[in-house]
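Given next are the chains, with one letter for each unit.
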Amino acid sequence: MSYDDGRVALTDDALVIRNYYFPFGAKHIRYADISQVRRKPMTSMSGRYRIWGSGDLRHWYNLDPGRPGKSTKLVIELSGKSTVPVITPDRPDEVAYELATHGVDVTGG
């Protein structure tokens with residue numbers, strides 16, 4: 001594994017989002033299935049206080065009790081899927097870099 005903070009992990013072939021499904025199931029996303037990752041600032045109106053779930057039925061946040069103290073989110077656009085996973089890793093710069101090294105298009109900053 002090239003990155004693992006307990007909630008988000010990057011393996012040789014996939015992004016693993018822990019505590020994505022209730023109650024505590026992980027989502028495995030192959031890098032080839034990611035069409036784009038967008039780095040975005042997180043504010044009180046854009047997910048900072050969303051501990052788990054969705055506020056708009058499109059974006060889904062995994063369980064992260066530490067999210068209110070974070071300022072950057074990564075929005076994971078998947079090919080052919082309407083639900084968009086959103087992650088808030090402890091080290092977003094490192095995750096964005098590692099995703100890019102696996103051929104994922106990472107935008108924003």
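Residues numbered from 1 in each chain as written. Predicted model: local features only at pLDDT ≥ 70, side-chain atom pairs only at ≥ 80, totals over all residues. Heavy atoms only, no water.

**Let's talk about the environment of Tyr61**
- Along the polypeptide, Tyr61 turns up in strand 6 (residues 59-61).
- Separated by 23 residues in sequence, Tyr61 and Val84 place their C-alpha atoms 8.7 Å apart.
- Residues contacting Tyr61, with those up to four places away along its chain left out, are Ser46, Gly47, Arg50, Trp52, Gly53, Arg67, Lys73 and Val86. (Helix = DSSP H or I, 4+ residues; strand = E, 2+ residues; numbered from the N terminus. Contact = heavy atoms within 4.5 Å.)

**Regarding the sheet that holds strand 2 (residues 8-10)**
- Ordered in space as 1-2-3-4, the four strands form an open sheet in which the pairing is antiparallel. Both outer strands of the open sheet, strand 1 (3-4) and strand 4 (25-30), are each paired with one neighbouring strand and no more.
- Two elements, strand 3 (residues 14-21) and strand 4, share five bridges in a ladder whose sense is antiparallel. Looking at the pairing, Val16 lines up with His28 of strand 4. (Pairing = 2+ DSSP bridges.)

**A look at the side chain of Lys27**
- Looking at the element boundaries, Lys27 is found in strand 4.
- A polar contact of 3.2 Å, which involves the side chain of Lys27, links it to the side chain of Tyr21.
- Once you skip the residues sitting within four places of it in the chain, Lys27 turns out to touch Leu15, Val16, Ile17, Tyr20, Tyr21, Leu78 and Pro85. (Polar contact = N/O pair within 3.5 Å; in protein donor to acceptor, adjacent residues only side chain to side chain.)

**Focus: the environment of Val84**
- Examined against the element boundaries, Val84 turns out to sit in strand 8 (residues 84-87).
- Among the residues examined, Val84 registers a relative accessible area of 1% and is labelled buried.
- Considering only alpha carbons, one finds Val84 and Arg58, 26 residues apart in sequence, at a separation of 5.9 Å.
- Contacts of Val84, omitting those with residues within four sequence positions, involve Arg58, His59, Trp60, Val75, Ile76 and Glu77. (Buried < 20%, exposed > 50% of the residue type's maximum accessible area, 1.4 Å probe, protein only.)

**Some words on the pattern of salt bridges**
- Scanning the model with the defined rule gives ten salt bridges in all.
- For Arg58, the salt bridge goes to Glu77, with nearest N and O atoms at 3.9 Å. On the criterion of sequence distance, the pair formed by Arg58 in the loop between strand 5 (34-41) and strand 6 and Glu77 in strand 7 (residues 72-78) is long-range, its members being 19 residues apart.
- Of the residues examined, Arg58 reaches a relative accessible area of 37% and is grouped as partly exposed.
- Put simply, Arg91 and Glu94 hold a salt bridge, and the shortest N to O gap is 2.7 Å.
- When salt bridges with common partners are traced through the structure, they connect Arg7, Asp64, Lys70 and Asp90 into a single cluster. (Salt bridge = Lys/Arg side-chain N within 4 Å of Asp/Glu carboxyl O.)

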